[in-house]
Amino acid sequence: MFSHVTVYARYALLLLLLVPVTVGVIGVVFPALGYFPALGEHSFSFRVFVELFNVQHIGKMIWLSLFSGVGSTILASFITFLLLAHCYQSSLLNKVQALLSPLLVLPHAAAAIALLFVLSPSGLVARFIGTITDSAMPSTTVGLFPYDEWGLSVLLVLVIKEVPFILLMALSVMAQPNNKQKLEGYQRAGAALGYSTSGTFFKLMLPSIYRQIKLPILAVLVFATSNVEIPLLIGLNNPSTLSVAILHWFNHVDLSMRLLGSAASILQGVVCVLAIVVFFTVERMISWWGRRQLSTGRRNFFNRTVALLGTCTVGIYAFLIAGVVYTVVSYSFAEHWVFPRLFPEALTLLHWKTAFSAIGQPLLNTLLLGLATSVSSVVLVLLTLESEVLVPATRKAAALFSFSLFLPLLVPGVAFLYGLVWFQQLLSVHSLGFHTYIAHMVYVLPYVYLSLAVSYQRFDNRYVMVAQSLGKSPFQVFWYVKLPALQNSVLVAWALGLAISFSQYLPTMLASGGAIPTVTTEAVASVSGSSVRLTAVYAVIQALMPLLGFVIAWTLPKLITLHRERRRTHNHRSKRISSHMSRKERLGKKVVNHGR
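Residues numbered from 1 in each chain as written. Predicted model: local features only at pLDDT ≥ 70, side-chain atom pairs only at ≥ 80, totals over all residues. Heavy atoms only, no water.

A. Representation of the packing of helix α5 (residues 108-119) against helix α13 (residues 303-333) within the structure. Running from amino to carboxyl end, α5 crosses α13 at an angle of 90 degrees, the nearest separation of the two axes being 8 Å. One way to sum up the angle between α5 and α13 is to call them roughly perpendicular. Seen from α5, the contacting residues are Ala-114, Leu-115, Phe-117, Val-118 and Leu-119; seen from α13, they are Leu-320, Gly-323, Val-324, Thr-327, Val-328 and Tyr-331. Split by residue class, the contact of α5 with α13 holds nine nonpolar, two polar and no charged. (Axes fitted to C-alpha atoms, helices over the stretch in contact; angles between N-to-C directions. Helix = DSSP H or I, 4+ residues; strand = E, 2+ residues; numbered from the N terminus. Parallel < 35°, antiparallel > 145°, perpendicular 65-115°, else oblique. Contact = heavy atoms within 4.5 Å. Nonpolar A, V, L, I, M, F, W, Y, C, P; charged D, E, K, R; others polar.)

The structure is reproduced here in structure tokens:
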């Protein structure tokens, strides 16, 4: 019975990943080809695409999307590999991972807002420069951030956000038992042949690691090319990136602009494919250069440069994180803060009171959506992973499942979310909560699966064999053996699902039509308002919510272990007392019998 339940869960997960994306793409293709009966369009044609390519600055929009997406992904991958080459043989790697963890859970919108407070012309860096130069006006030395016409500010924020994720994927691959043993063999072989640490990593270890994290990197590339929140907050408005233009066209008062938005969504998918082609071209060039470096036989590989760049990267991240925490928290409490002072003149709780008076419903919506999507995702993924053990799929079915797992990550959100919303409205106009829940599940499921799959692969099956030899059923093995052993990984996956759900802006806005406000949608809306300090309050709340989930995931196992130890100690004492009492009773009986 339990085996059938796990198989049904596998099919349910497959449908949740395939159907929304497929239906969404179909729902965008028809209006893009001019067929939209609600607006009186009943014939297919390429008229909408002709209008799209006649839009002013459309070429610049495509270029900004390509530049920010491809450039940030290549640069973030390069920085990640530099950090690994610099730290992988030392205890510094754990410290770097702990340093970057806050940025990993920080939503993209919150990261863009926070970096505005540090790098904008009146931000912390400009204040520091103004204090040194005694300037009373905002510094122009950091005027490239934000709203520059080259898209460098968008690229910078994307790089800062992508490095922690790519590093996490690489460390997960390196921690798998088979890979760990193989990489340790490469490391010993490199040391025996006289290779330096950076030479061993780049020439021997990196090719094996990169092959296994290529799909996550491609997912990062597609996300960066079609991202909406970051270009919307810190990017140029005219022209904007293509994804931001699509958002404006779909939200336009003139409903006929939705046809143009649908055609632009198809174009966004083509731009993402073009970005992948450019990325593979750069990869081939670097691979060709790497093979030439291998043939030279040099044991060293830019050792000093790798060490210098790695140290500088860690220092920059430490400064940015410290600056973000200081400025955002200070702004949220600042009553008055004149440029170029580094400290507020006075503190107040007025902005927090204002935020809490209006954030009740968005906070409740965020928590309900996050808990519903994360819990259901963890349950579905656990049952799916167990089905792969109990009822292994065929090779074709496994390939289809792997494809569907990365499909929501490899297809741009703007290319299918609008079509998905159109299809959902055809089914039911009033089920906005359910529609938003499905839109969140599409994005949460793949990350939860990737997080738990590694732990399932590392689980020692000898425990399962022992339990089965004792006559335990598959459900008993799953419930009493696997889940207690995997509780840490399950809780971390749950916290990751919470963080991803909390950060969803575009799925929430589209699926609910703005009728279900969340903390993220309110934070993005507050940027266009007049109060910088209120925006800082929303950024702090948005950052604390996913962090709270991870704190629960990290502390709950310790509390459970402590409770079990106390129960075990109490039971041991009770047994000792009962055995001591029974011994006394037996001794008393002997005395009574002897007296008789």
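B. Representation of the side chain of Lys-161 in the model. Along the polypeptide, Lys-161 turns up in helix α7 (residues 152-175). Look at Lys-161: it is buried, it has no salt bridge, and the nearest opposite charge is Glu-229 at 9.8 Å. In this structure Lys-161 touches Leu-103, Leu-104, Leu-106, Pro-107, His-108 and Ala-111, once residues within four positions along its chain are discounted. (Buried < 20%, exposed > 50% of the residue type's maximum accessible area, 1.4 Å probe, protein only. Lys, Arg positive; Asp, Glu negative; His and termini not counted. Salt bridge = Lys/Arg side-chain N within 4 Å of Asp/Glu carboxyl O.)

C. Looking closely at the nonpolar core. Judged by nonpolar contacts, the single largest core of 175 residues is most densely connected at Phe-81, Leu-84, Phe-201, Phe-202, Ile-213, Ile-234 and Tyr-418. Tallying contributions element by element places α7 first for this core, with 15 residues. Excluding anything up to four places from it in sequence, Tyr-418 contacts Val-28, Ile-246, Leu-247, Phe-250, Ser-265, Leu-506 and Leu-510. (Core = buried A, V, L, I, M, F, W, Y, C linked by side-chain atoms within 4.5 Å.)

D. Up close: empty space enclosed by the protein. Considering all chains together, one arrives at one cavity of 30 Å³ or more under this definition. Lining the largest cavity we find Leu-64, Ser-68, Asp-148, Gly-151, Ser-153, Val-154, Pro-231, Gly-235, Leu-236, Ser-240 and Thr-241. Of all elements in the fold, only α3 (58-87) and α7 reach the threshold of two or more residues within the lining of the largest cavity. Grouping the amino acids of the lining of the largest cavity by side-chain chemistry returns four nonpolar, six polar and one charged. (1 Å grid on protein atoms, 1.4 Å probe; cavity = no way out; pocket = protein on both sides within 12 Å on 5 of 7 lines; lining within 4 Å. Points joined across faces, edges and corners; volume = space filled by probe spheres on them.)

E. Layout of the state of the cysteines. The full count for this structure, using the stated rule, is zero disulfides. For Cys-87, which is in no disulfide, the shortest distance to another cysteine sulfur is to Cys-312 and amounts to 12 Å. On the basis of relative accessibility, which here comes to 0%, the residue Cys-87 falls in the buried class. (Disulfide = S-S within 2.5 Å.)

F. View of the layout of surface pockets. There is about 1000 Å³ of room inside the second largest pocket. Together, 30 residues line the second largest pocket, and Phe-81, Phe-202, Leu-206, Ile-286 and Ser-287 are the ones closest to its centre. Of all the elements, helix α12 (residues 257-296) adds the most residues to the lining of the second largest pocket, at 12 residues. Across the lining of the second largest pocket, the residue classes break down as 19 nonpolar, five polar and six charged.

G. The arrangement of helix α1 (residues 2-32) in detail. Over its 31 residues, α1 runs 45 Å from end to end, which matches the ideal 45 Å to within 8%, given 1.5 Å per residue. Looking one or two residues past α1, Gly-34 carries a phi angle of roughly 90 degrees, positive in sign. (Expected span 1.5 Å × (residues − 1).)

H. Molecular detail of the packing of aromatic side chains. Across all of its chains, the model carries 22 aromatic pairs by this definition. The interplanar angle of 80 degrees and the centroid separation of 6.4 Å between the aromatic rings of Phe-81 and Tyr-210 together place this pair among those described as edge-to-face. In this pair, Phe-81 sits in helix α3 while Tyr-210 sits in helix α9 (residues 197-226), placing the two residues 129 residues apart along the sequence. Between the aromatic rings of Tyr-326 and Trp-337, the centroid separation amounts to 6.3 Å while the plane-to-plane angle is 90 degrees, which identifies the pairing as edge-to-face. One end of the pair, Tyr-326, is in helix α13; the other, Trp-337, is in the loop between β3 (334-336) and β4 (346-347), with 11 residues separating them in the sequence. Residue classification places Tyr-326 among the partly exposed residues on the basis of a relative accessible area of 26%. Clustering of aromatic rings is evident, with ring pairs tying together Phe-117, Tyr-326, Tyr-331, Trp-337 and Phe-343. Between the NZ or CZ atom of Arg-127 and the centre of the ring of Trp-337, over which it lies, the distance is 4.4 Å. (Phe/Tyr/Trp six-rings, centres within 6.5 Å; stacked < 30°, edge-to-face > 60°. Lys NZ or Arg CZ within 6 Å of the ring centre and 35° of its normal.)

I. Layout of a nonpolar patch on the surface. A surface patch of nonpolar side chains, about 300 Å² in accessible area, is lined by Val-273, Leu-274, Val-277 and Val-278. Mapping Val-278 onto the fold places it in helix α12. (Patch = residues over 30% accessible without salt bridge, like charges linked within 9 Å, V, L, I, M, F, W, Y side chains within 5 Å. Areas by Shrake-Rupley, 256 points an atom, 1.4 Å probe, with all protein chains shown as cover.)

J. Representation of unusual backbone geometry within the structure. With a phi angle near 65 degrees, His-57 is a residue other than glycine that sits in the positive phi range. On the secondary structure map, His-57 appears in the loop between α2 (47-53) and α3. Classification of His-57 by relative accessible area gives partly exposed; the value is 36%.

K. Region of interest: the pattern of salt bridges. Taken as a whole and judged by the stated rule, the model has four salt bridges. Of the charged contacts in the structure, one is a salt bridge between Glu-386 and Lys-482, with a shortest N-O distance of 3.0 Å. With Glu-386 in helix α15 (residues 360-390) and Lys-482 in helix α20 (residues 474-485), the pair connects residues that are 96 residues apart, well separated along the chain. Of the two residues, Glu-386 and Lys-482, neither departs from the other in class, the shared state being buried.

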